[in-house]
Structure formats: C-alpha cells, structure tokens
Amino acid sequence: MRRIAEKIFNFSDADETEVEIGVVSDALTRFANNTIHQNVAEQVLAVSVRTVLDGRTARATTNKTDDDSLRRVVETAKSLARSQPRIPDLLPMAGPQKYAKAARYFENTAYATPADRARAVVRVTAMAEKNMQTAAGIFSTGVTQSAIANTKGLFASHRQTRAEFSITILESDSSGWAKANSPDLKQIDPTAMARSASEKSAASRKPGESAPGRWTVILEPSAVLDLVGFLFYDFAGTAMADQRSCFNKRMGQRVLGENITIHDDAYHPLQSGAPFDGEGIPRQKVLLVDKGVPLNLVYSRATAQKMKAKPTGHGFSLPNDMGEAPMNLVFAGGNSSVDEMVRSTERGILVTRLWYIRDVDPYEKVLTGMTRDGTFLVQDGRVAGGVRNFRFNQGILEMLSNVEMMGVPVRAAGEESFEMVVPPMKVRGFNFSEVTKF
C-alpha cells in the first residue's frame, strides 16, 4: 500500500495529493430450508485519489494498480478538481499523526474456510430438523486492510477481521432470530445462537393478540441497537450547524434519563474499526451524553474550524456533505439480566428485535417500525407466550427518559443500524400503535 501511494505521488503534480487504499477479502455461506445453497467469495481492491488544485478538490477511484491505471486515476482526479468551484476555507491536508493501537485482526477469522462455516451450519440445521423447524441464515468471514496517505507525510493503515452469523428459525406461525458480529470468530457461537432462536420460535407458537397502547417493554440488545442507532448522526457538528440534530437547542440540558451515559470510543474492547478517520486524524474518545445531558459533539477538521472547536477524529473522506459522525457508540449499562427484568414486570412485552424502522419526526426522533421474530407477553413476572407483532410509534428521547432497568452492555448486531455496544433495557410507556395479524 505504501508503494502504491508513493507511485501515485510521483505521478501527481497537484498542489496536494491524498490516497486511500482498501482491500477486502470476504466469504459468505448462505443456507435456507435447512440446506446450504450458496457459498460466495470476493476480493475487492479500491485505490481512491484526491487531488487539490488552486483551492479545488475532487476524487477519482480505480481498482487497478498497474502504472498506466494509476497515472489515469491521478489525471482523472485532477481533471475533476479543475471543474469544481474553489472552496475558500479548504484546509490543507494533515501531516503525520500518532495513532493508538486497535488490535482487531484475528488469524482464525482471516483464514476461516468454507468447510469451517459449513460444519457450523450443519450443526444448526440438524438441530432445526430434529425440532421440526426450518432454519435460514448466513455465516460470513473476512478480512480488510486499509491505508490513507498524503503528500504532507501522513500515512496510516489498519487491518481487521470480521465474522458474522445470523439465523432465523421458522415454524408455521412463529419464528425466532439471533445475530452476532465480531472481529474474533471465537466470539461467535452458532450453536448457542441457533438454540436461542429455536426456543423463541417454539415459545411463540399460536401467538395471542394483545391490544396496542402504552406498554412496559423489555428490549433485548438488538432491539435497543436498532432504535438508538438512529441517534448517531445527531451528535455530528455538521448536523448541529445545519439545524438537523434532535439536540439543537438541547445541548447542556437533561433530555434523557439520568441513567443514560453515552461515549464514542473506537478503542473499547467490544468495538471495531480503524483508530483514524477519513482524513487520517486519530479518533478520540468523546463523552457525548453524561447522565442524560448531551454535552459534546464530534467534529471533522473543517467543521471544528467553522464551529471554533477541536477536531475529534470523526470526519469522513473528503469531499463529502455529511461532515462527520460518531461510529463507535458505547452506552453505559447496568447489572440486570433480561430474566430479572421479566421477573420484575407485572405486565409487559418482551421484544427480540425490530425491523423496517423509519423516521416519523427526525427533529424529535420519533420512529415507527415493527417487532419481529420473537415477541412475547410477560405476565406476573414470567413469559406467558407469544403475541402477534406490533407496530410502534415511539420517540427515542422519550424512550431513553423512561429506562427503568439495564443490563450489561454487549456488542449488538441488528438489521437497521451498524454494530454498537448497548445493554438490554426495560422501558415504561413504550407506544405500540397497532397490532398485526402475524
């Protein structure tokens, strides 16, 4: 990667030149109807060049590394830059930086084979067949390596592995689900996840129907993730400056419960990702919310200059219109288990996960969506049985003001948000607006 970057610098006579290089090697085993039906693998290389000419900047990308292709991508980036309007406050590229280590490469993940994944899938599909259920899902493993370099002397690189397992267990009128994601394949236990999904599917057979309304809900971590994940961009300096954040006019005020504290922390042991942002700036740990009070935002270099703040290492690759965002949210939690939350609940709903979530009011952070793959009635401190799925209409700020109990934070995976570290939560007054027929 360093050699490729140096070649590009030699080919470029722009005022400044930046190179981003990414290599991805991914493989995925897909199964349905208790049978593996697909194994796919890909290797992707991307070389992205940004040039600056007289206060103008643009980017071009190639997937070839021969000299002619590298010369061509440099010339394309320069040609595009010349056609752009001049940016009066365009900052010079950053110079060399110092980075903390983020150990996220595991050889057992990088070298996992189709046979490794297949053996795990066979175990879970055999379990489903034994229980007269149907299993479907994916098991993927891979490794990525990235680097960013520029003509000011900056060079940063990061190597990371990734493993993910997702399973849905189906019956005629019920389903269960589980999903996990980690850089370390050893942290993924497909058999345990399949067992949990199977038990949820069996426990929610012949679902009853409960009336919509304000309920006490127990949200498992995946359900929490896909709700609070909609908050991540609201902590961006650009969102605040553009009046697009739900925290506009609320910074420094208690708008969430006192038990809610949120950091952005790229170095948390359950997190993943590079220790630098799209400009090569080291990521900082930032306290975003302290005991219900939003205190700080994250900033790219340009946004920090405009808002008279310090950059925090959260910028996206330039040019972009998004600015920055915290990509490593970590919620503080408690020490209550989901079982303890159930035992403490006289009447409520236990939710495995949510899906099809959309904004209703982005400024008040009201979301709508549905429950899925394991929704249960809790009665007198026990799970009484499955119920038909609900549609919800719920403000996230209100929800995070009504959290009664929390568990230990975990690295959660869902379908509507990227992975974060969140706890399960027991919340009062959650608004289920409609009940479905399934």
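Nothing here was measured: the structure is a model prediction, and the numbers come from that model. (Residues numbered from 1 in each chain as written. Predicted model: local features only at pLDDT ≥ 70, side-chain atom pairs only at ≥ 80, totals over all residues. Heavy atoms only, no water.)

Asks: Just to check I follow, could you spell out the overall build of the protein for this structure?
Replies: A count of helical and extended segments in the protein gives 10 helices and 19 strands. Taking 22 Å as the expected radius of gyration for a compact globule of 438 residues, we find that the protein reaches 24 Å, a close match to that expectation. For the C-alpha atoms alone, the extent of the protein along its principal axes is close to 70 × 55 × 35 Å. Taking as baseline every contact in the protein between residues at least 6 positions apart, the subset at least 24 positions apart corresponds to 72%. Element-wise, carbon and sulfur atoms account for 49% of the exposed surface of the protein, whose accessible area totals about 19,500 Å². The protein carries 54 positive and 50 negative side-chain charges, and their two centres are separated by 1 Å. (Helix = DSSP H or I, 4+ residues; strand = E, 2+ residues; numbered from the N terminus. Rg over C-alpha atoms; globule rule 2.2 N^0.38 Å. Contact = heavy atoms within 4.5 Å. Areas by Shrake-Rupley, 256 points an atom, 1.4 Å probe, with all protein chains shown as cover. Lys, Arg positive; Asp, Glu negative; His and termini not counted. Charge placed at Lys NZ, Arg CZ, Asp CG, Glu CD.)

Asks: What is the right way to look at the sheet that holds strand β1 (residues 16-32) in this model?
Replies: Strands in a sheet are paired, the pairing made by backbone hydrogen bonds, and the direction either parallel or antiparallel. Taken in spatial order, the 6 strands line up as β3-β2-β1-β4-β5-β6 in an open sheet, and their pairing is antiparallel. Whereas interior strands pair on both sides, the edge strands pair on one side only; in this sheet they are β3 (56-62) and β6 (175-182). Each strand of the sheet is rotated relative to its neighbour by a mean of 15 degrees, with strand direction disregarded. Set on the sheet, helix α2 (residues 67-82) makes contact with β2 (35-53) and β3; between it and β3 the angle comes to about 150 degrees. Packing of helix α5 (residues 190-203) onto the sheet brings it into contact with β4 (134-150), β5 (155-170) and β6, and relative to β6 it is tilted by some 155 degrees. (Pairing = 2+ DSSP bridges. Axes fitted to C-alpha atoms, helices over the stretch in contact; angles between N-to-C directions.)

Asks: Help me understand the pairing of β3 in this model?
Replies: Every regular strand shows the same layout, with side chains that alternate between the two sheet faces. With 5 of 7 residues buried, β3 lies mostly within the body of the structure. Looking at chain direction, β2 and β3 are connected through 7 bridges and run antiparallel. Each bridged residue has a counterpart across the sheet, and for V47 the counterpart in β3 is T62. Hairpin geometry of β2 and β3 is characterised by an intervening segment of 2 residues between the two adjacent antiparallel strands and by a positive phi of about 50 degrees at D54. (Buried < 20%, exposed > 50% of the residue type's maximum accessible area, 1.4 Å probe, protein only.)

Asks: Any chance you could explain the packing of aromatic side chains here in plain terms?
Replies: The description of an aromatic ring pair uses the distance of the two centres, along with the angle that the planes make with each other. If you walk through the whole model with that rule in mind, you get 11 aromatic pairs. Note on F139 and F165: the rings are 5.3 Å apart at their centroids and 85 degrees apart in plane angle, and the pair reads as edge-to-face. One end of the pair, F139, is in strand β4; the other, F165, is in strand β5, with 26 residues separating them in the sequence. With respect to burial, F139 and F165 carry one shared label: buried. An aromatic cluster is built from W215, F390, F392, F430 and F432, whose rings are joined through pairwise contacts. For R358, the ring lying beneath its charged end belongs to Y356, and the centroid distance is 4.5 Å. Its end group placed over the ring of W355, R372 keeps NZ or CZ at 4.3 Å from the ring centre. (Phe/Tyr/Trp six-rings, centres within 6.5 Å; stacked < 30°, edge-to-face > 60°. Lys NZ or Arg CZ within 6 Å of the ring centre and 35° of its normal.)

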